[in-house]
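As a plain string of letters, each chain reads:
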Amino acid sequence: RLAAPRVEASLRYSLDREPRVRVALFATDQPETVEERHRARDTIHVAGLLKEYLRRRYPNRVEDVRVYAIRDHSPVHYDEMFAFYQEELMRSALNPPDLTAAYVAPVGGIPAANFALLVQAVDRYGERCHSLYVPEGSDEAVPMNLGQRMRTALLRRLALEAVEALDFRRVAALLAEHPAP
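Okay, so let's go over this structure. (Residues numbered from 1 in each chain as written. Predicted model: local features only at pLDDT ≥ 70, side-chain atom pairs only at ≥ 80, totals over all residues. Heavy atoms only, no water.)

Spatially, 3 strands are ordered β3-β4-β5 in an open sheet, and the strand pairing comes out mixed. Two strands close off the open sheet at either side, each with one partner strand: β3 (102-104) and β5 (142-143). Looking at chain direction, strand β4 (residues 129-133) and β5 are connected through 2 bridges and run antiparallel. Across the sheet, the residue bridging to Leu132 is Pro143, located in β5. (Pairing = 2+ DSSP bridges. Helix = DSSP H or I, 4+ residues; strand = E, 2+ residues; numbered from the N terminus.)

In structure tokens:
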């Protein structure tokens, strides 16, 4: 029996907040030019199984499951993963006009790929991006609030630069545009 506890924890989190969801699975499928020992760890076949599993397990709630293969970018190189996710998240299938929320949960895999996914998703979806993680040993997804943390850090930096430049009009505009919670 196939089980995907970390994926399902993230899916349950999103289904608690959305009536129906679309799922995007990113999986490695490296070319023949990559050493066999690395290709043996590719996740494309598991992603295919997981796609069918999620469709069957959540037939009325999971609207669509798509697998996106990481082929022409090295999953261990941060710059290549940034480029890959920047391109992929611009695709119309991952950016439909009716998208109100994007739940992003790197549930395994390679640090470079996970980091790039999170940063690019926050950049692409802005406030609609809800980054999640499943702590080791837990069966519940937890929000990271990564997007809000990144926006707050940027606002703080911009406000400090404006204060240092004695540009209080800019400080006021920043605070008006982004009021404190």
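Turning to the side chain of Ser14, a few remarks are in order. Looking at the element boundaries, Ser14 is found in helix α1 (residues 5-15). Ignoring sequence-local partners within four residues, the contact set of Ser14 consists of Val21 and Tyr103. (Contact = heavy atoms within 4.5 Å.)

What follows is about the nonpolar core. Formed by 20 residues in total, the largest nonpolar core has its most connected members in Met81, Tyr85, Val104, Ala121, Tyr125 and Cys129. At the level of secondary structure, the elements contributing two or more residues to this core comprise β2 (62-70), α4 (78-88), β3 and α5 (111-125). Considering every element that reaches this core, the biggest residue donor is α5, with 8 residues. Cys129 has contacts with Ala102, Val104, Ala121 and Val122, leaving out every residue within four places of it along the chain. Counting 13 residues, the second-largest nonpolar core is a separate cluster that includes Leu15, Val21, Leu50 and Val62. (Core = buried A, V, L, I, M, F, W, Y, C linked by side-chain atoms within 4.5 Å. Buried < 20%, exposed > 50% of the residue type's maximum accessible area, 1.4 Å probe, protein only.)

Contact pair α5 / helix α6 (residues 146-164): the axes reach a minimum separation of 10 Å and the direction vectors enclose 70 degrees. Judged on the interaxial angle alone, α6 and α5 are roughly perpendicular. Regarding α5 and α6, the two cross each other, and that crossing is right-handed. Between α5, through Leu118, Val119 and Val122, and α6, the contact on the second element is made entirely by Leu146, Gly147, Met150 and Arg151. Of the residues contributing to the contact of α5 with α6, the split by class is 5 nonpolar, 1 polar and 1 charged. (Axes fitted to C-alpha atoms, helices over the stretch in contact; angles between N-to-C directions. Parallel < 35°, antiparallel > 145°, perpendicular 65-115°, else oblique. Left-handed = near helix turned anticlockwise from the far one by under 90°. Nonpolar A, V, L, I, M, F, W, Y, C, P; charged D, E, K, R; others polar.)

To continue, consider the pairing of β4. Judged from the 3 bridges that link them, β3 and β4 form a sheet pairing that is parallel. Residue pairing across strands places Ala102 opposite Cys129, the latter belonging to β4. What joins β3 to β4 is α5, and the crossover it makes is right-handed. (Right-handed = clockwise from strand over helix to strand, strands pointing away.)

Let us look at the packing of aromatic side chains. For the coordinates displayed, the defined rule picks out 7 aromatic pairs. Judged by centre distance (6.1 Å) and plane angle (70 degrees), the rings of Tyr13 and Tyr103 are edge-to-face. On the criterion of sequence distance, the pair formed by Tyr13 in helix α1 and Tyr103 in strand β3 is long-range, its members being 90 residues apart. A residue is classified by how much of its surface remains accessible, and Tyr103, at 22% relative accessible area, is partly exposed. Feature note: the residues Phe26, Tyr68, Phe84 and Tyr85 constitute an aromatic cluster, connected by ring pairs. Here the guanidinium or amino end of Arg17 rests over the ring plane of Tyr13, the centre of that ring lying 3.5 Å away. (Phe/Tyr/Trp six-rings, centres within 6.5 Å; stacked < 30°, edge-to-face > 60°. Lys NZ or Arg CZ within 6 Å of the ring centre and 35° of its normal.)

Before going further, it helps to spend a moment on the pattern of salt bridges. It is possible for side chains of opposite charge to pair when their charged atoms get near one another. Summed over the entire model, instances satisfying the criterion amount to 13 salt bridges. One salt-bridge network, held together by shared partners, links Arg20, Arg22, Glu63 and Asp98. (Salt bridge = Lys/Arg side-chain N within 4 Å of Asp/Glu carboxyl O.)

By the element assignment, Asn95 lies in the loop between α4 and β3. Overall, Asn95 belongs to the buried group, its relative accessible area being 18%. For Asn95, the residues in contact, after removing those within four places along its chain, are Leu89, Met90, Arg124, Tyr125 and Arg128.

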